[in-house]
Amino acid sequence: YSKVKHLLKDLDELMEAVLARILGPELSHVNTTRALNLTIWNHVPLVFIDEQNPHHPVVLDLFEDNYNGSAGSTPAPGRTCSAHGCKVAMKLCSHNGTTCNFRNFSSATQAVTEWYALQATNIFAQVPNQELVAMGYSAEQLILACLFGAEACTYRNFTRIFHPDYGNCYIFNWGMKEKALPSANPGAEFGLKLILDVGQEDYVPFLTSTAGARLMLHEQMSYPFIKEEGIFAMSGMETSIGVLVDKLERKGEPYSQCTVNGSDVPIRNLYSDYNTTYSIQ
């Protein structure tokens, strides 16, 4: 967080105002928002949706006690809303603003968390990749100790890739450029052992409410889809993970439309730089 704080200054101030408006609407009014940079907010705002009348839901901007909902809805003057009485939704509009959709959330916590993650991802996407890598944790900072097959390894045995959600990720024994290390014996003593420093004291405050490591076991020379298939290991705990591999091979004709490698499918391989195999669904 110490390295990205300057990028998130306006967003963090806006997030604090959003939380104040949701948690204590009677204490937070327009006066508290005058000093905020609302450029981000105007692009994708959060709104309250009052569904007391389900046939005529009413929409209220969090920073303005001004309803602009469906036709025919005429709220009483001074009427306000809170997360207890209304749903919190993300307002998503087309480029010219003529068409808007509302994504409802089951809880206000989920709404503000996903809203912040969306805005932060948009901010980071405008930063060159090399700078983003430097803003994340290096392998030397993250990996304090390493054992594989009862032999010592170090952070130098890991290959870094950059993930848009998790930042710097490190792959052990990928086999892309280096010689793959064999594992001859099963059991915890012959697997990969790591001691990690997650640097929890320097987490981005609003980006996540949890701390730990995101792990995934995948085939060599395959791209790790860590967000979709990874598992969490808690911080401050010793975690053992046992693995049993099942290999699934889908048959082609006449059973399905599956092909051997997808080369005849008119879709560009986004992961061709990794010389990797993956399925197209």
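Residues numbered from 1 in each chain as written. Predicted model: local features only at pLDDT ≥ 70, side-chain atom pairs only at ≥ 80, totals over all residues. Heavy atoms only, no water.

J.: Account for the overall build of the protein chain, with residues named and values stated.
T.: When helices and strands are counted, the protein chain shows six helices and eleven strands. Looking at the 281 residues of the protein chain, the share that counts as buried comes to 28%. A fraction of 57% describes how many contacts in the protein chain between residues 6 or more apart in sequence connect residues 24 or more apart. Surface summary for the protein chain: the accessible area is close to 19300 Å², and the carbon and sulfur share equals 53%. (Helix = DSSP H or I, 4+ residues; strand = E, 2+ residues; numbered from the N terminus. Buried < 20%, exposed > 50% of the residue type's maximum accessible area, 1.4 Å probe, protein only. Contact = heavy atoms within 4.5 Å. Areas by Shrake-Rupley, 256 points an atom, 1.4 Å probe, with all protein chains shown as cover.)

J.: Got a sec to walk through the pattern of salt bridges? Specific residues and values, please.
T.: A full pass over the atoms with the stated rule returns five salt bridges. A salt bridge links E13 to K9, with the nearest nitrogen and oxygen atoms 3.1 Å apart. Of this pair, E13 and K9 both sit in helix α1 (residues 9–23), four residues apart, roughly one helical turn. Judged by its relative accessible area of 31%, E13 falls in the partly exposed class. Here E51 makes a salt bridge to K87, at a shortest N to O gap of 3.5 Å. Of this pair, E51 sits in the loop between β1 (46–50) and β2 (58–61) while K87 sits in strand β3 (residues 87–93), and the two are 36 residues apart along the sequence. Exposure remark for E51: the relative accessible area of 35% places this residue in the partly exposed category. (Salt bridge = Lys/Arg side-chain N within 4 Å of Asp/Glu carboxyl O.)

J.: Go over the state of the cysteines, please, and point to the residues and values.
T.: If you walk through the whole model with that rule in mind, you get two disulfides. Between the sulfur atoms of C93 and its disulfide mate C100 the distance is 2.0 Å. An S-S torsion of about 105 degrees defines the bridge between C93 and C100 as right-handed. Under the relative-accessibility criterion, C100 is labelled partly exposed at 28%. Here C146 pairs with C153 through a disulfide, and the sulfurs are 1.8 Å apart. Disulfide C146-C153: the torsion about the S-S bond is -80 degrees, which places it as left-handed. Exposure class is identical for C146 and C153. Each is buried. (Disulfide = S-S within 2.5 Å.)

J.: Break down the packing of α1 against helix α3 (residues 108–124) for me, with residues and values.
T.: Running from N to C, α1 and α3 point in directions that differ by 165 degrees, and their axes come no closer than 11 Å. Comparing the axis directions of α1 and α3 gives the class roughly antiparallel. You can see that α1 and α3 cross each other, and the crossing is right-handed. Contact with α1, carried on its side by L11, D12, L14, M15, V18, L19 and I22, involves A108, V112, W115, Y116, Q119, A120 and I123 of α3 and no other residues of that element. Among the residues making up the contact of α1 with α3, the classes are represented as twelve nonpolar, one polar and one charged. (Axes fitted to C-alpha atoms, helices over the stretch in contact; angles between N-to-C directions. Parallel < 35°, antiparallel > 145°, perpendicular 65-115°, else oblique. Left-handed = near helix turned anticlockwise from the far one by under 90°. Nonpolar A, V, L, I, M, F, W, Y, C, P; charged D, E, K, R; others polar.)

J.: Outline the confidence of the model for the protein chain, supporting the account with residue identities and numerical values.
T.: When pLDDT is averaged along the protein chain, the result is 83; 86% of the residues meet or exceed 70. Here residues 66–79 scores under 50 on pLDDT; set against residues more than four positions off or in separate chains, the count is 22 contacts. (pLDDT = per-residue confidence, 0-100.)

J.: Residues and numbers for α3, please.
T.: Under the 1.5 Å per step criterion, the end-to-end length of α3 is 24 Å for 17 residues, consistent within 8% with the ideal 24 Å. Buried residues of α3: A111, V112, W115, Y116, Q119, A120, I123 and F124, and no others. Check the buried side of α3 and you find it contacts α1, α2 (39–43), β1, β3 and α4 (129–135). (Expected span 1.5 Å × (residues − 1).)

J.: Explain the nonpolar core to me, and be specific about the residues and the numbers.
T.: L8, L46 and W115 are the most contacted members of the largest nonpolar core, which totals 32 residues. At the level of elements, α1, α2, β1, β3 and α3 are the ones that each hand at least two residues to this core. A total of seven residues in this core trace back to one element, the largest contributor, which is α3. In this structure, A139, I143, F158 and F172 belong to the second largest nonpolar core, which totals eight residues. (Core = buried A, V, L, I, M, F, W, Y, C linked by side-chain atoms within 4.5 Å.)

J.: Tell me what's going on with unusual backbone geometry, and back it up with residues and numbers.
T.: Negative phi is the rule for most residues except glycine; trans is the rule for most peptide bonds. The step from E253 to P254 runs through a cis peptide bond, and the omega angle for that step is 5 degrees. In this structure, A150 is a non-glycine residue whose phi angle is positive, near 70 degrees. Along the polypeptide, A150 turns up in the loop between β5 (143–148) and β6 (151–153).

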